[in-house]
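Read off the chains here:
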Amino acid sequence: MRPQPVLAAPGGIVLRPWEPSDAAVFLAAYQDPAIQQWHTRQPASEAEVNDWFEQYRRSREQEEGACWAVTRGGEEVLGRIALASLHLDDGVAGCGYWVLPAARGAGVAPRALAAVSAWALGEAGFYRLHLSHSTRNDASCRVAIKAGFRLEGTKRSEAIHSDGRHDMHLHARIRGDN
């Protein structure tokens, strides 16, 4: 297995594996009300964050997923992006992401998602990537569309968020999409 790649996106965005020194900013991100709203699984301590980082490493080694720190120039953490639920035989994977409040509205998330998608649908050999977000999460919908993920439909009452069950939009991008 090849190591997890470091990926570049326009505007000086660099996607790299998480490092132990990122634990404090990662934990702080989950104090943000918007991240809490859309991501019900939340770490409680830096030790738990480092356990997550270890899970990310093992997941990559076992070819089950990959998770990157979205950074400015490889240093300042701006967000998180991941590929999960990898089905290598079918060439399918799911995507997830969040960005810190200071990075929102600057195009960081769509650039990061486009970079991961280009790598996954190109060099990594996947055929289809998909993502879901709450129908109430307009920002995530904009990110998906800007990164070339077409809206495919609505999954009714598909996920639990902090305020209960939500309908979820399903977006996908396949190899060859523009």
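Rules used throughout
- Residues numbered from 1 in each chain as written.
- Predicted model: local features only at pLDDT ≥ 70, side-chain atom pairs only at ≥ 80, totals over all residues.
- Heavy atoms only, no water.
- Axes fitted to C-alpha atoms, helices over the stretch in contact; angles between N-to-C directions.
- Helix = DSSP H or I, 4+ residues; strand = E, 2+ residues; numbered from the N terminus.
- Parallel < 35°, antiparallel > 145°, perpendicular 65-115°, else oblique.
- Left-handed = near helix turned anticlockwise from the far one by under 90°.
- Contact = heavy atoms within 4.5 Å.
- Nonpolar A, V, L, I, M, F, W, Y, C, P; charged D, E, K, R; others polar.
- Polar contact = N/O pair within 3.5 Å; in protein donor to acceptor, adjacent residues only side chain to side chain.
- Phe/Tyr/Trp six-rings, centres within 6.5 Å; stacked < 30°, edge-to-face > 60°.
- Buried < 20%, exposed > 50% of the residue type's maximum accessible area, 1.4 Å probe, protein only.
- Lys NZ or Arg CZ within 6 Å of the ring centre and 35° of its normal.
- Expected span 1.5 Å × (residues − 1).
- pLDDT = per-residue confidence, 0-100.
- Pairing = 2+ DSSP bridges.
- Core = buried A, V, L, I, M, F, W, Y, C linked by side-chain atoms within 4.5 Å.

Participant: What should I look at first to understand the packing of helix α4 (residues 108–121) against helix α5 (residues 138–146) in this one?
Facilitator: Relative placement of two packed helices is described by the angle separating their axes and the distance separating the axes. Relative orientation of the contacting elements α4 and α5 amounts to 45°, with a least axis distance of 8 Å. It follows that α4 is oblique to α5 by the angle criterion. Regarding α4 and α5, the two cross each other, and that crossing is right-handed. Across from A109, P110 and L113 in α4, the residues of α5 making contact are V143, A144 and K146. Tallied by class, residues from the contact of α4 with α5 come to five nonpolar, no polar and one charged.

Participant: Sorry, what's going on with the side chain of Q37 here?
Facilitator: Looking at where Q37 falls in the secondary structure, it is placed in helix α2 (residues 33–38). A polar atom in the side chain of Q37 sits 3.0 Å from the side chain of S162. Among residues more than four places away in sequence, those in contact with Q37 are H161, S162, D163 and H166.

Participant: What exactly am I supposed to notice about the packing of aromatic side chains here?
Facilitator: Aromatic rings considered in pairs are described by the distance between their centres and by the relative angle of their planes. Per the counting criterion, the structure on display carries 10 aromatic pairs. On the numbers, 5.8 Å between centres and 80° between planes, the contact of Y30 with W52 is edge-to-face. Here Y30 is found in the loop between α1 (23–29) and α2, whereas its partner W52 is found in helix α3 (residues 46–61), with 22 residues between them in sequence. The two residues Y30 and W52 agree in class, both being buried. Between Y30 and W98 the ring centres are 5.6 Å apart and the planes differ by 85°, which places this aromatic pair in the edge-to-face class. Here the residue Y30 occupies a position in the loop between α1 and α2, and W98 occupies one in strand β5 (residues 92–99), the gap between them amounting to 68 residues. Looking at R41, its charged tip hangs above the ring of W52, at a distance of 4.0 Å from the centre.

Participant: Any chance you could explain α3 here in plain terms?
Facilitator: Here α3 is 16 residues long and its end C-alpha atoms lie 23 Å apart, about the 22 Å a rise of 1.5 Å per residue gives. In the core, the buried residues of α3 are packed alongside α1, β3 (66–72), β4 (76–87) and α4. Remark: E63 follows α3 within two positions and exhibits a positive phi of approximately 55°.

Participant: Looking at this model, I keep getting lost on the confidence of the model for the chain. Mind explaining?
Facilitator: Where the model shows low pLDDT, its predicted coordinates should not be examined in detail. Looking at the chain, the pLDDT average stands at 95 and 99% of residues meet or exceed 70. When mean pLDDT is compared element by element in the chain, strand β6 (residues 128–134) scores highest at 98, while α2 scores lowest at 92.

Participant: I keep staring at the sheet that holds strand β8 (residues 164–174) and nothing clicks. Help me out?
Facilitator: Either a parallel or an antiparallel arrangement is found when strands of a sheet pair, and the pairing is made through backbone hydrogen bonds. Taken in spatial order, the eight strands of this open sheet run β1-β2-β3-β4-β5-β6-β8-β7, and their pairing is mixed. Every other strand in the sheet has two partners, leaving β1 (7–9) and β7 (150–161) as the edge strands with one partner each. Averaged over all pairs of adjacent strands, the angle between their axes in this sheet comes to 30°, without regard to strand direction. Relative to strand β2 (residues 13–17), β1 is paired through three bridges, and the arrangement is antiparallel. Bridging from a neighbouring strand, A8 pairs with V14 of β2. Together, β1, β2, β3, β4, β5, β6 and β8 form the strand contacts of α4, whose direction differs from that of β4 by roughly 35°.

Participant: How should I be thinking about the nonpolar core in this particular structure?
Facilitator: The nonpolar side chains of soluble globular proteins are, as a tendency, buried together. Core analysis: the largest hydrophobic core is formed by 32 residues, its most contacted members being L15, W68, I81, L83, L113 and L129. Counting residues per element, the ones that place at least two in this core are β1, β2, β3, β4, β5, α4, β6 and α5. It is α4 that contributes the most residues to this core, nine residues altogether. If you look at the next biggest cluster of nonpolar residues, it comprises 17 residues, including A23, W52, V77 and W98.

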